[in-house]
Amino acid sequence: MSTTILAIESSCDDTSAAVIRDGILLSNVTASQKVHEMYGGVVPELASRAHQQNIVPVVDAALKKAGVSKEELSAIAVTLGPGLMGSLLVGVSFAKGLAISLGIPLIEANHLQGHILAHFIHAPEEPVNDPPYPFLCLLVSGGNSQIVKVSAYNKMEILGQTIDDAAGEAIDKCSKVMGLGYPGGPIIDRLAREGNPKAFQFAKPNIPGMNYSFSGLKTSFLYFLRDKIKENPQFIEENKCDLAASLEATIVDILMKKLKMAVKETGITHVALSGGVSANTGLRQAFKNMEKSGRWKIYIPKFSYTTDNAAMIAITGYYKFLDGEYCPLSKPAYSRTVL
Ligand code: KG4
């Protein structure tokens, strides 16, 4: 008998549902929320309201696209945390209700574990490139910057992580200060392609071990702009490509320095990239350069599996289902956690 799982992800501002059958992804449908753009960041209350509007049509579309009826489902997997509590509650309540009504088990997924397991998503006609265990994963998103040693799907150890802002958060905030749109990552990336990465120097952190820090960079960027604007009010407009390129280069340098340290200390040379910031051209190039040098074997998932999506929750749910790891219906959503 086949195993068919519906997965739901609603931890931040994307409502996503996916269907997986016997480890093969059949659908992955995501509704992004445009409502936050005018505020320059995710507004939690608006996010949960948008999830409420989106959840039924998104789940319905995922089932239809997969050609699967509710009655064929073996289990429901859902992101229980971490994330915005109001957002999580929409997906978790929906998943619990559906599991009860269908009389099937509920499986919980950790959002960060999902981002890492995105490397194991298999879909028809997509190339397979699973990293072998153990591998290192640089998980960089709007909310997290971590170096994780992955020894099994359910055995992950954080070797280093940010002690303040995440890399994506720093990019988004610097972009906001420059008067660019939200989210800043894709805009900075586009502008950086036209700029000189060596045009400006910004502060780099000096944090011991494999931890990261991005708040100093953010502050130094802010003061740098303030001083420059005093001299020339048009400074940002005239230099936005160079500013974007220099900011991107600094962030990539900071990320890669600690990652190289992790490779050296663990001796693990299979290195994966996950999370929304992995879409960044400069970061991808830095990974490719390490592979070209013959030192690393790299793993970068398809773009649609790097941002928030339910396909990564589906593969997590599938592995847990095979191990009979179900979640009690009484277990609540959680906003904060480590892996
Ligand atoms: O993983 P994600 O979709 O959401 C969570 O934080 O969970 O990551 C979103 C982050 C945002 O900070 C966004 O600006 C950043 O990923 N991002 C990028 C790029 N595309 C998205 N950062 C740099 N370059 C990009 N091309």
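Our subject is the structure listed above.
Source: prediction; values computed, not measured.

About the thresholds
Sequence order as written defines the numbering, with residues in each chain counted from 1. Reporting in this predicted model follows two pLDDT cut-offs: at least 70 for local features of residues, and 80 or more for side-chain atom pairs to be given and counted; totals over whole chains, interfaces and linings ignore these cut-offs and use all residues. Excluded from the side-chain calculation are hydrogens and water; included are all heavy atoms of the structure. A run of H or I in DSSP counts as a helix once it spans at least four residues, and a run of E counts as a strand once it spans at least two, with each numbered from the N terminus. Put simply, the radius of gyration uses C-alpha atoms, and a globule should come to 2.2 Å times the residue count raised to 0.38. Throughout, a residue-residue contact means that at least one pair of heavy atoms, one from each residue, lies within 4.5 Å. Using a 1.4 Å probe, the Shrake-Rupley method yields the accessible areas, and only the shown protein chains count as cover for residues. Charged-residue counts in this description rest on Lys and Arg as positive and Asp and Glu as negative, His and the chain ends being excluded. Where a charge sits is defined by one atom per residue type, namely NZ (Lys), CZ (Arg), CG (Asp) or CD (Glu). A simple rule labels every residue: compare its accessible area, found with a 1.4 Å probe on the protein chains alone, to the largest value its type can have, and call it buried under 20%, exposed over 50%, or partly exposed in between. The term salt bridge refers to a pairing of a side-chain nitrogen on Lys or Arg with a carboxyl oxygen on Asp or Glu at a separation within 4 Å. A strand pair is defined by DSSP finding two or more bridges across the two strands. To obtain each axis, a line is fitted to C-alpha atoms, and for helices this fit is confined to the stretch in contact; angles are then taken between N-to-C directions over 0 to 180 degrees.

*Asks:* Go over the overall build of the protein chain, please, and point to the residues and values.
*Replies:* When its secondary structure is counted, the protein chain shows 9 helices and 10 strands. Taking 2.2 N^0.38 as the reference for a compact globule, 339 residues should give roughly 20 Å; the C-alpha atoms of the protein chain span a radius of gyration of 20 Å, in line with that estimate. Structurally, the protein chain occupies a C-alpha span of about 65 × 45 × 35 Å along its principal axes. Taking the intrachain contacts of the protein chain between residues at least 6 apart in sequence as the baseline, contacts between residues at least 24 apart amount to 72%. Summed over all atoms, the accessible surface of the protein chain reaches about 14,800 Å², with 54% contributed by carbon and sulfur. Of the charged side chains in the protein chain, 33 are positive and 32 negative; the average position of the first set lies 4 Å away from that of the second.

*Asks:* So what's going on with the environment of Ala-333? Which residues, and what values?
*Replies:* As for its position among the elements, Ala-333 is in the segment after α9 (311–322). Taking the relative accessible area as the measure of exposure, Ala-333 reaches 12% and is therefore buried. For the pair Ala-333 and Val-92, spaced 241 residues apart in sequence, the C-alpha separation works out to 6.9 Å.

*Asks:* Quick one: what's the story with the pattern of salt bridges, residue by residue and with numbers?
*Replies:* Applying the stated criterion to the full structure yields 14 salt bridges. Note that Lys-173 is salt-bridged to Glu-169, the shortest N-O span being 3.0 Å. Within this pair, Lys-173 and its partner Glu-169 are both found in helix α4 (residues 167–177), separated by 4 residues, close to a single helical turn. Taking the relative accessible area as the measure of exposure, Lys-173 reaches 33% and is therefore partly exposed. Since its relative accessible area comes to 24%, Glu-169 is described here as partly exposed. Connected through shared salt-bridge partners, Asp-189, Arg-193 and Glu-248 make up one network.

*Asks:* Could you give me a rundown of the sheet that holds strand β4 (residues 75–81), with the residues and numbers involved?
*Replies:* If you trace the 5 strands from one edge of the open sheet to the other, you get β3-β2-β1-β4-β5, paired in mixed fashion. Strands at the two margins of the open sheet, each flanked by one partner only, are β3 (24–32) and β5 (106–110). Going from strand to strand, the sheet's axes swing by 20 degrees on average, the running direction of each strand aside. For strand β1 (residues 4–9) and strand β2 (residues 14–21), the ladder comprises 6 bridges, and the chain directions are antiparallel. By the bridge assignment, Leu-6 is partnered in β2 with Val-19.

*Asks:* I'd like to hear about the sheet that holds strand β7 (residues 145–152), residue by residue, with values.
*Replies:* Across the sheet, 5 strands lie side by side as β8-β7-β6-β9-β10; this open sheet has mixed pairing. Single-partner strands in this sheet number two, and they are β8 (155–161) and β10 (297–299). Going across the sheet, the axis of each strand differs from the next one's by a mean of 25 degrees, ignoring polarity.

Taken by themselves, the reported measurements are silent on function.
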